[in-house]
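For reference, the chains in residue letters:
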Amino acid sequence: MSEPEKKPDKLDESKVESQSLEERLRRLEEILSRLEDDDVPLEEALQLFEEGVGHVRDAERVLAQTELKVQELLENGDVQDMELD
Amino acid sequence: MPGLFSGLDEEPFMDPIDPTPDRIWSVSEVNSTIRKLIEGSADTLWIRGEVGNWKRYPSGHCYFSVKDDRSELRCVMFARDASTLPTDPDDGMEIRIFGKLTLYEKKGAYQMSVRLLESEGAEGLWRIAFEKLRSQLEVEGLLDLARKQPLPKHPAVVGIVTSTTGAALRDIISVLSRRAPWVRVLVRGTRVQGEGAASEISQAIRGLVATGKPEVIIVGRGGGSIEDLWAFNEEPVARAISESTIPVVSAVGHEIDVTISDLVADLRAPTPSAAAEEVVPDGTGIRENLSAVPGELAKGLQGMLQRRRSVIEHTLSHLGLGIDRKMQPVHQGLDNDFARLQAGLRSVLDLRRQRLIGVEGKLDALSPLATLRRGYSVARTGEDQILRSVHDFVEGDSFVLRVSDGEVIAETKGLQPGE
């Protein structure tokens, strides 16, 4: 406990918003398997739990989107929304 | 060839030579006339023969001959038509050509102007071209399974290279909307058949890769003839797919159509719809899995606490036993020490007592009490002043006489000073 604690979870917080579904779901797997480790400190376990619940909430928000966004990449590199009939 | 050049069979009929010409022709006039004659009298036709002396010029025009066991016919296929060939035929190959007979006036050579060229054998030119490119790519290792990039499980952006007006795009979009409406789709429209389609498709793939946005790319089109699908058997497309740093799923035509694109792609999907199924997970499944996660997290935390508790209990009981074991000799030692200490103390005290008794004896000998016991006494005033001389006494005053076992209150009756 006296050694300097590494806090990757804290650093990650800033980019939580920009995390993709892929990253979130992978992180959740990591968290779940880390929680099964024998040597996970109590403090970390609590942090992981909290982080995991956050990821679930954010992932569910992403999944709640119902309209597919379709864009077209033009030859000049521009991107424009695409209407499909 | 009924009707074609009838009367010009084996031995051409020749009039006897007339030495007096009434008209002299120029060579050009003759060749031009013959050309018109040939072109005017022969329809388009199919000819079967064996290819020889095939030569493709940088201009794209191809020159060759077809022959059977007796004759040979010069042929030309101009760039516009030759560019539709999937590959050049090898010399000696049995082919079928379709075109028109004409005359190359400059050389006075008659020839076949070829519009179509097909392989006669079971192995068509398409098949040959396909095999040529396939084996070349194989030699380069581009078909190795080890090169296949895994598809992302949950892509946020899906790239699509296909015709923006085709059914393939509609099919893909419809599957993506149903399964994973949260993804973003980036479409790069191209022509998918005809002259230049292959280079457009390859540029489109490179363009999508260059944005760095898609995490997986679907390249494909709906069903069609082998010619329609041909762009996906061409080298530029194969190169663009194999060089893509983003996984590519190839989806060309129907289940039975296997193209070079399919072989170099990281995954071959039988149809565009199937490709869409492959690239995104089903949202329903994810939502179900996700809803179980908080419970699993809680279980994980509880399990961790439970394990921690049993570890602590185990450690404590071990620790208790350990302490007992460690303390036992200490206890024994302490008992020993205590006994020795007691004994030591006792002997020290005894010694002290002995010495005290000795000292008491000496003190007794020196004490004034001893003198008093021999019969002497000491007189003092009420204020504790020792009365040593007759002059210290005052007649009629009382004084205190200390004797060996107490005190006597006395009174001075008279003073008799000594000599």
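A quick note: this is a predicted structure, and the numbers were derived from the prediction, not measured.

Trainee: I tried to follow the overall build of chain A on my own but got confused; where do I start?
Mentor: For chain A, the count of helices and strands is 3 helices and 2 strands. Secondary structure of chain A in N-to-C order comes out as α-α-α-β-β. Counting all 85 residues of chain A, 34% fall into the buried class. Accessible surface, chain A: about 5900 Å² in total, of which carbon and sulfur atoms supply 47%.

Trainee: How should I be thinking about the pattern of salt bridges in this particular structure?
Mentor: Side chains that differ in sign of charge can pair as their charged atoms come close. Per the counting criterion, the structure on display carries 31 salt bridges over all chains. One salt-bridge network, in which partners are shared between bridges, spans R48, R96, E118 and E120 of chain B.

Trainee: I keep staring at the side chain of T190 of chain B and nothing clicks. Help me out?
Mentor: Position of T190 of chain B relative to the elements: it lies in the loop between β7 (184-189) and α5 (197-211). Among residues more than four places away in sequence, those in contact with T190 of chain B are V161, T162, S163, E200, I201 and A204 of chain B.

Trainee: Teacher, can you tell me more about the packing of α5 of chain B against helix α6 (residues 235-243) of chain B here?
Mentor: Each pair of packed helices gets described by two things: the angle between the helix axes and the distance between those axes. Residues and elements named next belong to chain B. At a closest axis distance of 8 Å, the pairing of α5 and α6 adopts a crossing angle of 10°. The pairing of α5 with α6 is recorded here as roughly parallel in orientation. When α5 is examined against α6, the residues A198, I201, S202, I205 and R206 are found in contact with a partner set consisting of P236, V237, R239, A240, I241 and E243.

Trainee: Got a minute to help me understand the pairing of strand β9 (residues 248-252) of chain B in this structure?
Mentor: One face of the sheet, then the other: side chains in a regular strand alternate in exactly this way. All names here are of chain B. When you tally the buried positions in β9, you get 5 out of 5 residues, the bulk of the element. A two-sided burial pattern is seen for β9, the buried positions comprising V248, S250 and V252 on one face and V249 and A251 on the other. Relative to β9, strand β8 (residues 216-221) is paired through 5 bridges, and the arrangement is parallel. Bridging across to β9, R221 finds its partner in V252. Bridge analysis of β9 against strand β10 (residues 267-268) gives 2 bridges, and the strand direction is parallel. Across the sheet, S250 pairs through a bridge with R268, a residue of β10.

Trainee: I tried to follow unusual backbone geometry on my own but got confused; where do I start?
Mentor: Negative phi is the rule for most residues except glycine; trans is the rule for most peptide bonds. Residue and element names in this part refer to chain B. One non-glycine residue, N53, adopts positive backbone phi at about 50°. Looking at where N53 falls in the secondary structure, it is placed in strand β1 (residues 45-56). With phi around 70°, D384 is a residue other than glycine that occupies positive phi space. Summarising the element assignment, D384 is placed in the loop between β11 (378-380) and β12 (398-403).

Trainee: Would you take a moment to explain the sheet that holds strand β3 (residues 72-77) of chain B for this structure?
Mentor: Pairing between the strands of a sheet comes from backbone hydrogen bonds, and it takes one of two forms, parallel or antiparallel. Residue and element names in this part refer to chain B. With mixed pairing, 5 strands are arranged side by side around a closed barrel as β1-β2-β3-β5-β4. With direction set aside, neighbouring strand axes in the sheet form an average angle of 55°. Where β1 lies against strand β2 (residues 62-67), 5 bridges are found, and the strand directions are antiparallel. Bridge assignment links V51 to a residue of β2, and that residue is V66. Relative to strand β4 (residues 94-104), helix α1 (residues 27-41) is tilted by about 135°, and along the sheet it contacts β4 and β5 (109-119).

Trainee: Please explain helix α3 (residues 125-139) of chain B as it appears in this structure.
Mentor: Each turn of an α-helix holds 3.6 residues, which means side chains three or four residues apart point in the same direction. All names here are of chain B. The terminal C-alpha atoms of α3 lie 21 Å apart, and with 15 residues this matches the ideal 21 Å at 1.5 Å per residue to within 8%. All buried positions along α3 are accounted for by L125, W126, I128, A129, F130, L133 and L137. Considering only its buried residues, α3 is in contact with β5, α6 and α7 (260-264). Following α3 by one or two positions, G141 adopts a phi angle in the positive range, close to 80°.

Trainee: What is the right way to read the pairing of β2 of chain B from this model?
Mentor: Residue and element names in this part refer to chain B. What sits between β1 and β2 in their antiparallel hairpin is a turn of 5 residues, with G60 showing a positive phi close to 100°. Where β2 and β3 come together, 6 bridges link them in antiparallel fashion. In the sheet register, Y63 faces β3, and the bridge partner there is V76. Where β2 hands over to β3, the hairpin turn is made up of 4 residues, counted between the paired strands.

Trainee: Any chance you could explain the layout of surface pockets here in plain terms?
Mentor: Taking a probe equal in size to a water molecule and rolling it over the atoms shows the remaining empty space. All names here are of chain B. By volume, the second largest pocket amounts to about 520 Å³. Elements supplying a minimum of two residues to the lining of the second largest pocket: α3, α5 and α6. A per-element tally of the lining of the second largest pocket places α3 first, with 6 residues. Its residues assigned to classes, the lining of the second largest pocket shows 11 nonpolar, 8 polar and 6 charged. Taken domain by domain, the makeup of the lining of the second largest pocket includes at least three residues from each of domain 1 (27-121) and domain 2 (129-281).

Trainee: When you look at the packing of helix α2 (residues 21-35) of chain A against helix α3 (residues 42-63) of chain A in this model, what are you seeing that I'm missing?
Mentor: All names here are of chain A. Their axes nearest at 9 Å, the elements α2 and α3 cross at an angle of 150°. By the angle between their directions, the pair α2 and α3 is classed as roughly antiparallel. Crossing hand, α2 versus α3: left-handed. Where α2 abuts α3, its residues L21, R24, R27, L28, I31, R34 and L35 lie against E44, A45, L48, E51, G52, H55, V56, D58, A59, V62 and L63. Classifying every residue of the contact of α2 with α3 gives 10 nonpolar, 2 polar and 6 charged.

What counts, and at which threshold
The residue numbering used here restarts from 1 in each chain and proceeds along that chain's sequence as written. Whichever chain is written first becomes A and whichever ligand is written first becomes 1, with later ones labelled in order. Given that this is a predicted model, residues contribute local features only at a pLDDT of at least 70 and side-chain atom pairs are listed and counted only at 80 or more, while totals for whole chains, interfaces and linings are drawn from all residues. Water and hydrogen atoms play no part in the side-chain values, which are based on all heavy atoms of the structure. Secondary structure elements are taken from DSSP: a helix is a run of H or I of four residues or more, a strand is a run of E of two residues or more, and numbering for both begins at the N terminus. Accessibility here uses a 1.4 Å probe with only protein chains present; expressed as a share of the type maximum, an area under 20% marks a residue as buried, one over 50% as exposed, and anything in between as partly exposed. Exposure was quantified through the Shrake-Rupley algorithm and a 1.4 Å probe, taking into account, for residues, occlusion by the shown protein chains and nothing else. A pairing counts as a salt bridge when a side-chain nitrogen of Lys or Arg comes within 4 Å of a carboxyl oxygen of Asp or Glu. In this analysis, two residues are considered to be in contact whenever any of their non-hydrogen atoms come within 4.5 Å of each other. To obtain an axis, a line is fitted to C-alpha atoms, over the contacting stretch when the element is a helix, and the angle between two such axes runs from 0 to 180 degrees between their N-to-C directions. What sets the label is the angle itself: under 35 degrees gives roughly parallel, over 145 gives roughly antiparallel, 65 to 115 gives roughly perpendicular, and the rest give oblique. Any two strands with at least two DSSP-identified bridges between them are counted as paired. By definition here, a helix of n residues has an expected span of 1.5 Å times n minus one. Put plainly, a pocket is an open set of points on a 1 Å grid over the protein atoms alone with protein on both sides within 12 Å along at least five of seven lines, a cavity is a set where a 1.4 Å probe fits but cannot get out, and a lining residue has an atom within 4 Å of a point. Grid points are joined across faces, edges and corners, and a volume is the space filled by probe spheres set on the points. Polar here means any residue outside two lists: the nonpolar Ala, Val, Leu, Ile, Met, Phe, Trp, Tyr, Cys and Pro, and the charged Asp, Glu, Lys and Arg; Gly therefore counts as polar. In this document the domain limits rely on a domain assignment from an automatic tool or a database. Rotating anticlockwise by less than a right angle from the far helix to the near helix defines a left-handed crossing, while the corresponding clockwise rotation defines a right-handed one.

None of this, on its own, says anything about what the molecule does.
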